[in-house]
Amino acid sequence: MATTVDTTGMTDVEAVVRGDAALLEDDLAGFLGSLTAPARAAASVYDTALRRSLYEPVADAVGSKTGQQALPPTAAAPGGRAPLRPSMVYWAYRNYRGFPGESTAGDDTAAELAVIRRTAVAVRILLKAAVALDDIQDGSDVRYGEPALHTTHGTPLALNTGAWLIMSALRHAADPAVVDSLVRSVGSGFTGQAVDLSSRTALTRAELLAAPRATRVDFWEATAALKTGTLFRMPLDAAVAGLRVVEDDRLALDGAMRQLGLASQLFNDLTDFVPELGGANTHEDLDGLGNRVLLELLDDAPPEAEFKQYVLGHPKLERTLLALAEEAVALKRAAKDAVHAVCRSERGAAYFDVTIERKGHLIDRLLATVRQRSGV
């Protein structure tokens, strides 16, 4: 049965979230510092070239603020002078090993916290590597208002930086169980990206156009579960691997993160049609066949269709947007219920909600916006 979250404890929980997030930022700064310290004393041509071609792109990639909305600065709170990004890795640690002041007798908490700290840094590095590589593959020059790495350092260096970050993250994680989890997640992400890229090729496009709706949706779901779901699954699976959490909980969390990944991808696809949330990027991805809205509406499209014009003029567009927005909210709620069911306390459930609602609230806002547009 799902844990009921007592919101009266949110102030205390948020302080712990902020403390953990500040610790992660300190560890990331230490990681970057250890990298760039030799470069600052560089004297030779070789050292200077290494700084320009590796250390500076790495610092730009890891230091980027792109991603989910941060907790705003709060005076007198941990990390109060800077925005903080909570980590699912630390949620796992708090859920399974307790909050400050709680008894954890018999646990080697110092050693486990060291594993968690390294895991959280490794996960953040891998997510930054994914951004750098994904922007190249998608031809994106801007990510959340920031220049993409390949636009500032060039595609060859951005590719090399992404690959180097993956290697560095796996080495930094150190714990064999964590590394094994991260390797599998990286493989899943690359697999999903490969299939997503295939939707831009002539053969796959022809097959999707000829396929019935159910087949098109299956294609989208399998791809999204690997490509986007991995971004949610990776932090949690690595953390519970490092903590040696029981298999039943690990499977439950894996399923919940798959649902969150599908909800997130639905949100991303739908914002192509909702200027209130998509902003300047609205309608930019409608010539490909990876968008769920387009895949839902392809039944009447001729092979030579100009997809943007076709889908924007489709009589079922608004009904489809509403149905998919409702699906995204249902997936998010189901995921939260599944996670709450394995929470050890109300504080653990509240910590998860603080962490996930940074993007989750946008999924609810999307549904409200689509309903308002549809007059429902």
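Residues numbered from 1 in each chain as written. Predicted model: local features only at pLDDT ≥ 70, side-chain atom pairs only at ≥ 80, totals over all residues. Heavy atoms only, no water.

Draft legend 1. Just the overall build of the protein chain, in detail. From N to C terminus, the protein chain includes 16 helices and two strands. With 376 residues in all, the protein chain has 50% of them scored as buried. Accessible surface, the protein chain as shown: approximately 17000 Å² in total, 56% of it carbon and sulfur. (Helix = DSSP H or I, 4+ residues; strand = E, 2+ residues; numbered from the N terminus. Buried < 20%, exposed > 50% of the residue type's maximum accessible area, 1.4 Å probe, protein only. Areas by Shrake-Rupley, 256 points an atom, 1.4 Å probe, with all protein chains shown as cover.)

Draft legend 2. Up close: the environment of His340. Residue position: His340 is located in helix α15 (residues 317–341). Taking the C-alpha atoms as reference points, His340 and Phe352, separated by 12 residues in sequence, lie 8.2 Å from one another. Among the polar contacts listed, one links the side chain of His340 to the side chain of Asp353, at a separation of 2.9 Å. (Polar contact = N/O pair within 3.5 Å; in protein donor to acceptor, adjacent residues only side chain to side chain.)

Draft legend 3. Here's a closer look at the pattern of salt bridges. Scanning all chains against the criterion turns up 28 salt bridges. Note that Arg216 is salt-bridged to Asp299, the shortest N-O span being 3.0 Å. Here Arg216, found in helix α9 (residues 213–227), pairs with Asp299, found in the loop between α13 (292–296) and α14 (307–312); they are 83 residues apart in sequence, far enough to count as distant. In this structure Arg216 comes out as buried when scored by relative accessible area, which is 1%. (Salt bridge = Lys/Arg side-chain N within 4 Å of Asp/Glu carboxyl O.)

Draft legend 4. Spotlight on the nonpolar core. Grouped together as the largest cluster of nonpolar side chains are 66 residues, with contacts concentrated most on Trp91, Leu182 and Met257. It is helix α4 (residues 109–138) that provides the largest number of residues to this core, a total of 12 residues. Excluding residues within four positions of it along the chain, Leu182 makes contact with Ala122, Val123, Leu126, Leu170, Ala173, Met234 and Ala238. In terms of nonpolar packing, the next biggest core, distinct from the first, is built from 36 residues, Leu277, Val293, Val311 and Leu366 among them. (Core = buried A, V, L, I, M, F, W, Y, C linked by side-chain atoms within 4.5 Å. Contact = heavy atoms within 4.5 Å.)

Draft legend 5. View of helix α16 (residues 346–374). Within α16, the axis deviates most sharply at Glu357, by approximately 65 degrees. Just downstream of α16 lies Gly375, where phi reads positive at about 75 degrees. (Bend = angle between axes of the 7 residues up to and from the residue.)

Draft legend 6. Spotlight on the side chain of Ser181. Here Ser181 is to be found in helix α7 (residues 176–198). A relative accessible area of 0% means that Ser181 is categorised as buried. Ignoring any residue separated from it by four or fewer positions in sequence, one finds Ser181 in contact with Asp237, Ala238, Ala241 and Arg250.

Draft legend 7. Local environment of the environment of Lys128. Among the structural elements, Lys128 can be located in helix α4. Judged by its relative accessible area of 7%, Lys128 is buried. Between the C-alpha atom of Lys128 and that of Ser64, which follows or precedes it by 64 residues, the distance is 7.9 Å.

Draft legend 8. Examining the packing of α4 against α7 more closely. In the contact formed by α4 and α7, the axes pass within 12 Å of each other and the chain directions differ by 15 degrees. Taken as axis vectors, α4 and α7 run roughly parallel relative to one another. The two elements α4 and α7 meet at a crossing, and its hand is right-handed. Along its contact with α4, which presents Val115, Thr119, Ala122, Val123, Leu126, Leu133, Asp134, Gln137 and Asp138, the element α7 presents Val178, Leu182, Val186, Phe190, Gln193 and Leu197. (Axes fitted to C-alpha atoms, helices over the stretch in contact; angles between N-to-C directions. Parallel < 35°, antiparallel > 145°, perpendicular 65-115°, else oblique. Left-handed = near helix turned anticlockwise from the far one by under 90°.)

Draft legend 9. Layout of the environment of His153. Structurally, His153 is set in helix α5 (residues 149–153). At a separation of 2.6 Å, a polar atom in the side chain of His153 contacts the side chain of Asp60.

Draft legend 10. Inspection of the packing of aromatic side chains at higher detail. Here the structure, examined in full by the defined rule, presents three aromatic pairs. When the ring of Trp91 is compared with that of Tyr96, the centres are 6.4 Å apart and the planes differ by 75 degrees; the resulting orientation is edge-to-face. For the pair shown, Trp91 and Tyr96 are each scored as buried. Between Trp91 and Phe352 the ring centres are 5.7 Å apart and the planes differ by 65 degrees, which places this aromatic pair in the edge-to-face class. (Phe/Tyr/Trp six-rings, centres within 6.5 Å; stacked < 30°, edge-to-face > 60°.)

Draft legend 11. Representation of the packing of α7 against helix α10 (residues 229–243). For the pair α7 and α10, the least separation of the axes is 8 Å and the interaxial angle reads 165 degrees. Between α7 and α10, the angle is such that the two are roughly antiparallel. Both α7 and α10 take part in a crossing whose hand is right-handed. For the pair α7 and α10, contact is made by Ala177, Val178, Ser181, Leu182, Arg184, Ser185, Ser188 and Gly189 and by Thr230, Arg233, Met234, Asp237, Ala238, Ala241 and Gly242, respectively.

Draft legend 12. Highlighting the confidence of the model for the protein chain. Considering every residue of the protein chain, the mean pLDDT works out to 87; 86% of them sit at 70 or more. In the model, residues 1–10 has pLDDT below 50 throughout and makes 18 contacts with residues more than four positions away in sequence or in other chains. (pLDDT = per-residue confidence, 0-100.)

Draft legend 13. Representation of the side chain of Asp175. Here Asp175 shows up in the loop between α6 (155–173) and α7. Only 3.1 Å separates the side chain of Asp175 from the side chain of Arg244, close enough to count as a polar contact. Every residue in contact with Asp175, bar those within four places of it in the chain, is listed here: Val115, Gly242 and Arg244.

Draft legend 14. Seen up close, α7. In a regular helix each residue adds 1.5 Å, so 23 residues correspond to 33 Å; α7 covers 33 Å between its end C-alpha atoms and thus fits that length. Looking at α7, one finds that the buried residues are Val178, Ser181, Leu182, Ser185, Val186, Gly189, Gly192, Gln193, Asp196 and Ser198. Check the buried side of α7 and you find it contacts α4, α6, α8 (202–210), α9, α10 and α11 (247–270). (Expected span 1.5 Å × (residues − 1).)

Draft legend 15. Main features of unusual backbone geometry. Its identity as a non-glycine residue notwithstanding, Ala174 has a phi of 70 degrees, on the positive side. Judged by relative accessible area, Ala174 falls into the partly exposed class, the value being 48%. Located in the positive-phi region is Arg244, a residue other than glycine, with phi close to 55 degrees. Mapped onto the fold, Arg244 is located in the loop between α10 and α11.

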